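Okay, here's what each chain looks like letter by letter:
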Amino acid sequence: MCNTDCCSNPKGKAGTKTAINSTNSSDIIPTPESLLYPYEVIEEIADFITKGSGMRPKIGIICGSGLGSLADIIQDPKIFEYEKIPNFPVSTVEGHAGRLVVGTLEGATVMAMQGRFHFYEGYPLAKCSMPVRVMKLCGVEYLFATNAAGGINPRFAVGDIMLMHDHVNMLGFAGNSPLQGPNDPRFGPRFPALVNSYNKDLINKAIEIGKAMGIESNIHVGVYSCLGGPNYETIAELKALRMMGVDAVGMSTVHEVITARHCDMKVFAFSLITNKCATEYSDKKDDEANHDEVMAVAKNRQKACCELVSRLIREIHMASA
Ligand SMILES: O=P(O)(O)O[C@@H]1C[C@H](O)[C@@H](CO)O1
Ligand SMILES: Nc1nc2[nH]cnc2c(=O)[nH]1
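Residues numbered from 1 in each chain as written. Chains lettered and ligands numbered in written order. Predicted model: local features only at pLDDT ≥ 70, side-chain atom pairs only at ≥ 80, totals over all residues. Heavy atoms only, no water.

The protein chain appears in an unreviewed UniProt entry as Purine nucleoside phosphorylase from Drosophila mauritiana. Taken from UniProt, the Function (unreviewed entry) comment for the protein chain reads in full: "The purine nucleoside phosphorylases catalyze the phosphorolytic breakdown of the N-glycosidic bond in the beta-(deoxy)ribonucleoside molecules, with the formation of the corresponding free purine bases and pentose-1-phosphate." (UniProt positions renumbered as here; feature names shortened; annotations may be inferred.)

Right, here's the structure in full:
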């Protein structure tokens, strides 16, 4: 005798037409995160930040692993420790400080997450990308998402920057999405389109900026994929990703971009290539990715990343002034 709801609930009798076609709200199992972060809660967090900072930022930045210095260059910063923001999760990963920095950069009002939330920390995807909705309700129009990633494209070298022009959502292939659960149309539509997610004008401007900085040979345009982590990939997985057209692999960003596009933000994203992924079997210990190396490379390249971001923000600001 089965005691589960599907059998004991007469409305949900398995195999009946009623069960299959029913749209009764009692048949919907809301994910816990969609209950935790309804519109009103996101609005409360956004109010806390806009009132506390006295600003309505236009650009949101998410700092990748070891790239926290992107927030250190913000002028007149108002700093909000995550643990002091109501209903905010805490950062648990080394290289992710856990604070929100609001201020100005190149004349534009910005807010930066110095520390993001990852699926492997045990947070559901909607919670990982909840701050993107907070940004939206704070007034943010542009999302700049950055990450540290392993380079699968053999042309990529450690320290290169890959401007994301598309992604392969491996967690989505497995049936997981930050948009799962009831949709609130105040954020966006039930079925958002994701072609053209990465703003072409911003990619082109970043390429021009790379040229002006003299680093054009270190700048690529490519496809990122997010896996669940926290383990790095096997050779067979890396080979499979390469065959799918993936150029760089990481453990973040995709769900943030989906959430940003759902609420109609313009997105610019890049990966700092912190390690080269082996796609052939060998005994070399060098082939093994590790977080210390990821952090060290990010620290080495933070100046270039900061300059790229600052110059791009200046262009956005000048164009809207
Ligand atoms: O937050 P990001 O995506 O930059 O961090 C990457 C993925 C893991 O968190 C970590 C692995 O070294 O770096
Ligand atoms: N999944 C994944 N994430 C990374 N972050 C930095 N390097 C890597 C990598 O090689 N794989």
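Let us now look at the pattern of salt bridges. This structure, assessed with the given rule, holds 9 salt bridges. We note a salt bridge from E106 to R314, for which the minimum N-O separation is 3.0 Å. One end of the pair, E106, is in the loop between strand 3 (99-105) and strand 4 (108-114); the other, R314, is in helix 12 (residues 291-320), and 208 residues separate them in sequence. Looking at E106, the relative accessible area reads 30%, which means it is partly exposed. (Salt bridge = Lys/Arg side-chain N within 4 Å of Asp/Glu carboxyl O. Helix = DSSP H or I, 4+ residues; strand = E, 2+ residues; numbered from the N terminus. Buried < 20%, exposed > 50% of the residue type's maximum accessible area, 1.4 Å probe, protein only.)

What follows covers empty space enclosed by the protein. Applying the stated criterion across every chain, the model contains 1 cavity of 30 Å³ or more. Here the largest cavity defines a volume of roughly 30 Å³. Around the largest cavity, the lining residues are L125, N169, L171, N176, S177, P178, C226, V254, H255 and I258. Among the elements that make up the lining of the largest cavity, the one with the highest residue count is helix 11 (residues 254-262) (3 residues). Partitioning the lining of the largest cavity into residue classes produces 6 nonpolar, 4 polar and no charged. (1 Å grid on protein atoms, 1.4 Å probe; cavity = no way out; pocket = protein on both sides within 12 Å on 5 of 7 lines; lining within 4 Å. Points joined across faces, edges and corners; volume = space filled by probe spheres on them. Nonpolar A, V, L, I, M, F, W, Y, C, P; charged D, E, K, R; others polar.)

Of all 8 residues in strand 7 (residues 219-226), 7 are buried; the element is thus mostly enclosed. In terms of strand pairing, strand 6 (residues 161-169) meets strand 7 through 8 bridges, oriented parallel. For I161, the partnering residue across the bridge sits in strand 7 and is I219. Crossover strand 7 to strand 8 (residues 248-250) through helix 10 (residues 235-243) is right-handed. (Pairing = 2+ DSSP bridges. Right-handed = clockwise from strand over helix to strand, strands pointing away.)

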